[in-house]
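Residues per chain, in single letters:
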Amino acid sequence: MTSYASSTARAEMSELRRLRTLLPPELQSWVSVEGTTAVNPPLITCEEIGRDEVEVQIDMVKWEQLALDQRNLLFWHEVARIQSDTIPKDGWEMAALAIGLGGAVGELWVQDGLLLLLALGLCGVSGWRLYQKNNGDRVVKELVEADEKAISLATRFGYTLPNAYKSLGSALKALIEQSPKKKLRSRYEARLDALKKSAAKAKSKLKTPASEAY
């Protein structure tokens, strides 16, 4: 049992070291890659852990079930999100909403109109910000853009364009099959549909007749 646990730990550390080599040089000083210890975590995600410091967190058990090329493209998807600054951040919105609601209730009790308006205004601003952050269409758009950048990163690391599309597409199909949550599955499906359209467009460009190239 101890031997199995040790070999598993060594394999996980080896994989984490390998993934760190897939970081573009400009990210290596402030982006780390670690296995997550959370309960029922997502396969892979990013989190700000300090000022100008981001950690890519991976569920190593689920991760090992994917093929190497699938892992690479999913990892570069997260890298693309970091580069585009679209990873979730610890915001002030929930705290502000709680303060605003508490203030509104308090001012109703003491009947101070001005402070009540200020509390309601704080609720409105924080509520709108939360809506924007969790807007489904916006989230999917950012994910699709990260997929496009992941394809570019893959070619930067030696993948051919067709192989990059194929690897990411197969990874998304695997995630669709493994996802019990309808909302998450629909996002993977939207990403896969967008990826297919992008691949078809790229393929048509590669097939441009020689006569049109002059």
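Every value quoted in this text rests on a predicted model; they were computed, and no experiment measured them.

(A) Expanded view of the pattern of salt bridges. Across all of its chains, the model carries 10 salt bridges by this definition. Between Lys 62 and Asp 59 there is a salt bridge; the shortest N-O distance is 3.8 Å. On the basis of relative accessible area, Lys 62 is assigned to the partly exposed category, the value being 31%. Taking the relative accessible area as the measure of exposure, Asp 59 reaches 11% and is therefore buried. For Glu 64, the salt bridge is made with Arg 71, and the minimal N-O distance between the two is 3.4 Å.

(B) Inspection of the packing of helix α3 (residues 68-84) against helix α7 (residues 161-178) at higher detail. Contact geometry of α3 with α7 gives a least axis separation of 8 Å together with a crossing angle of 90 degrees. Taken together, the axes of α3 and α7 are roughly perpendicular relative to one another. Seen from α3, the contacting residues are Asp 69, Gln 70, Leu 73 and Leu 74; seen from α7, they are Ala 164, Ser 167, Leu 168, Ser 170, Ala 171 and Leu 175. Grouping the amino acids of the contact of α3 with α7 by side-chain chemistry returns six nonpolar, three polar and one charged.

(C) Representation of the nonpolar core. With 42 residues, the main nonpolar core has Val 56, Trp 63, Phe 75 and Trp 76 as its most contacted residues. A total of eight residues in this core trace back to one element, the largest contributor, which is α7. Setting aside residues up to four positions removed in sequence, Val 56 forms contacts with Val 31, Ser 32, Val 33, Glu 34, Ile 44, Thr 45, Cys 46, Phe 75 and Ile 82.

(D) A look at the sheet that holds strand β3 (residues 53-58). Within the open sheet, the three strands sit side by side as β1-β3-β2. Their pairing is mixed. Edge positions in the sheet fall to β1 (31-35) and β2 (44-50), since each has one partner strand and no second. Strand-to-strand twist of the sheet, defined as the mean angle between neighbouring strand axes without regard to direction, takes the value 30 degrees. Lying over the sheet, α3 contacts β1, β2 and β3, oriented at roughly 40 degrees with respect to β2.

So, how was this worked out
Residues numbered from 1 in each chain as written. Predicted model: local features only at pLDDT ≥ 70, side-chain atom pairs only at ≥ 80, totals over all residues. Heavy atoms only, no water. Salt bridge = Lys/Arg side-chain N within 4 Å of Asp/Glu carboxyl O. Buried < 20%, exposed > 50% of the residue type's maximum accessible area, 1.4 Å probe, protein only. Axes fitted to C-alpha atoms, helices over the stretch in contact; angles between N-to-C directions. Helix = DSSP H or I, 4+ residues; strand = E, 2+ residues; numbered from the N terminus. Parallel < 35°, antiparallel > 145°, perpendicular 65-115°, else oblique. Contact = heavy atoms within 4.5 Å. Nonpolar A, V, L, I, M, F, W, Y, C, P; charged D, E, K, R; others polar. Core = buried A, V, L, I, M, F, W, Y, C linked by side-chain atoms within 4.5 Å. Pairing = 2+ DSSP bridges.

Limitation: the analysis is restricted to geometry and does not speak to function.
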